[in-house]
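# Structural description and commentary
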Amino acid sequence: MHLHRQDSPTQAAAKPTAKMDEQGKFEFIKELGRGSFGSVVLARNTKTGEQVAIKKMERAHLQRYVESEILNHSQLRHPHVVQFREVFLSPHHINIVMDYASGGSLFGYVQSRNRLREPLARWFFQQLILAVDYCHRKGVANRDIKLENTLLQVIPGLPRPLVKICDFGYSKHDNRSVARSKVGTLTYMAPEVLQSRVYDGKTADIWSCGVVLYTMLVGRYPFQSNAGEGAGLGQEVMEMLKKMKAQEYHLPDSLNLTPECKALLKALLHPESEKRVKMAGIMADAWFRTDLPPDALNMNDKYLANTRPCPQSEAEIKNIVAMATNYNTNDMYAAQGMDQF
Ligand SMILES: Nc1ncnc2c1ncn2[C@@H]1O[C@H](COP(=O)(O)OP(=O)(O)OP(=O)(O)O)[C@@H](O)[C@H]1O
């Protein structure tokens, strides 16, 4: 067992209750995941019976990225992106309602199988790339692509689950200032991000996709520090950077990876961001295109044509986020014992 969740929320045990949000629209079923922001819960729409996932972030501890997370996610509609539905306030939380991805995460899938064979890893990688390409063409760099944020949806009749990327908590839109902040998850961070240089979030996402592909195939992370426990983060980062710059990652012969697969990995994990393979290069790659459904490459054009997939306007969302920090309202609700959800 080589994989450990990276900066993961602790998975809490399911606690079935019949709690409702205060408008009675959603009924709480169980907790799906927990992080520093709050938790993600499975809930049922009491009118339609549909199951949804709700990310509940505590209003008292809102991350500074919350507005861009919601705005960026709300612009996206794609078969391989968890669908955003709406955002609403409850007395103590801001709640992001999304489609429920019932198949767990790609992290759990790989962990339970140790590693994946090339055709299966390619199946997931193709969908991840289609999702990331779509987001990039919508102007959104995710900046936290990882196995843990790649969820799966089991579709009856399909032999393998489908990928749905989630978590736009660190996402950045093109028309905001250049990226400089060291955000994301260490193990998946491109060298230029680790070095806190000015970087392009989209190119950094391609590196993270390379880490995902490597980890699916090998069952361990490509660049890890050997610094023992107690070594500072600085030392760990320096060691990782040294390995990244030398492209020093291990591909055991026993895996029998094809030369085409190894070549793509090398191009994805190129330490110089300017020389790293671009999205168009991945799409044109023969290994990537193997077994790709014929219409898959055109699919993104179709989804890009849908300019406003969310029924809530940008102004409405901004207003809800602004209201989220209005603690007078919050206290008023709490005083009435209304925080039932
Ligand atoms: N739409 C969804 N359907 C099913 N499960 C979900 C969904 N969204 C999130 N989860 C679960 O909740 C967990 C936490 O969600 P999310 O990744 O958004 O939180 P996070 O704490 O910001 O994550 P991280 O710490 O990795 O950045 C996920 O790892 C996943 O297991």
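Here the structure is a predicted model, which is why all the values come from computation and not from measurement.

Calculation criteria
- Residues numbered from 1 in each chain as written.
- Predicted model: local features only at pLDDT ≥ 70, side-chain atom pairs only at ≥ 80, totals over all residues.
- Heavy atoms only, no water.
- Helix = DSSP H or I, 4+ residues; strand = E, 2+ residues; numbered from the N terminus.
- Buried < 20%, exposed > 50% of the residue type's maximum accessible area, 1.4 Å probe, protein only.
- Contact = heavy atoms within 4.5 Å.
- UniProt positions renumbered as here; feature names shortened; annotations may be inferred.
- Salt bridge = Lys/Arg side-chain N within 4 Å of Asp/Glu carboxyl O.
- Near = heavy atom within 4 Å.
- Polar contact = N/O pair within 3.5 Å; in protein donor to acceptor, adjacent residues only side chain to side chain.
- Areas by Shrake-Rupley, 256 points an atom, 1.4 Å probe, with all protein chains shown as cover.
- Nonpolar A, V, L, I, M, F, W, Y, C, P; charged D, E, K, R; others polar.
- Pairing = 2+ DSSP bridges.
- Axes fitted to C-alpha atoms, helices over the stretch in contact; angles between N-to-C directions.

## Regarding the overall build of the chain
Helix and strand counts for the chain stand at 12 helices and 9 strands. Within the chain, buried positions represent 53% of all 341 residues. At a minimum sequence separation of 6, the contacts of the chain that also span at least 24 residues come to 67%.

## Overview of unusual backbone geometry
In the Ramachandran plot, aspartate 167 falls in the positive-phi region, its phi being about 70° despite a non-glycine side chain. Along the chain, aspartate 167 turns up in the loop between β8 (162–165) and β9 (172–173). Unusually for a residue other than glycine, glutamine 247 sits at a positive phi of about 45°. Looking at the element boundaries, glutamine 247 is found in the loop between α6 (233–245) and α7 (259–268). With relative accessibility at 17%, the residue glutamine 247 sits in the buried group.

## A short note on the UniProt feature "binding site: ATP" (unreviewed entry) in the chain
With numbering matched to this structure, UniProt assigns "binding site: ATP" (unreviewed entry) to Lys56. Among the residues examined, lysine 56 registers a relative accessible area of 6% and is labelled buried.

## Here we look at the pattern of salt bridges
This structure, assessed with the given rule, holds 13 salt bridges. Close ionic contact of lysine 55 with glutamate 69 constitutes a salt bridge, the shortest N to O distance being 3.1 Å. Of this pair, lysine 55 sits in strand β3 (residues 51–58) while glutamate 69 sits in helix α1 (residues 66–74), and the two are 14 residues apart along the sequence. Of the charged contacts in the structure, one is a salt bridge between aspartate 291 and arginine 122, with a shortest N-O distance of 3.8 Å. Of this pair, aspartate 291 sits in the loop between α9 (286–289) and α10 (296–304) while arginine 122 sits in helix α3 (residues 118–137), and the two are 169 residues apart along the sequence. By relative accessible area, aspartate 291 is classed as exposed at 63%. Each member of the salt-bridge network shares a partner with another, and the members are Glu50, Arg85 and Asp99.

## Some points on the environment of glycine 219
If you trace the backbone, glycine 219 turns up in the loop between α5 (201–218) and α6. Here glycine 219 falls in the buried class, since its relative accessible area comes to 3%. In this structure, the C-alpha to C-alpha distance between glycine 219 and proline 161, residues 58 residues apart in sequence, is 19 Å. If near-sequence neighbours (up to four positions away) are discounted, glycine 219 is found in contact with His2, Leu3, Asn114, Arg115 and Tyr214.

## With respect to the site of the ligand
Residues in contact with the ligand amount to 22 residues; listed here are only the nearest, Phe37, Lys55, Asp99, Ala101 and Asp167. Contact between the ligand and aspartate 144: an oxygen atom at 3.4 Å from a side-chain N or O atom of the residue. Here the ligand loses 90% of its free accessible area of 610 Å² to cover by the protein chains. Those elements that provide at least two residues to the shell around the ligand are β1 (26–35), β3 and β5 (93–99). With 3 residues, β1 is the largest single contributor of residues to the shell around the ligand. Of the residues contributing to the shell around the ligand, the split by class is 10 nonpolar, 4 polar and 8 charged.

## Observations regarding the sheet that holds strand β2 (residues 38–45)
If you trace the 5 strands from one edge of the open sheet to the other, you get β1-β2-β3-β5-β4, paired in antiparallel fashion. Each having just a single partner strand, β1 and β4 (84–89) make up the two edges of the open sheet. Sheet twist, expressed as the mean angle between neighbouring strand axes with direction ignored, is 25°. Bridge count between β3 and β5: 7 bridges; the pairing is antiparallel. Across the sheet, glutamate 58 pairs through a bridge with histidine 93, a residue of β5. Along the sheet face, helix α11 (residues 314–324) touches β4 and β5 and points at about 35° away from the line of β4.

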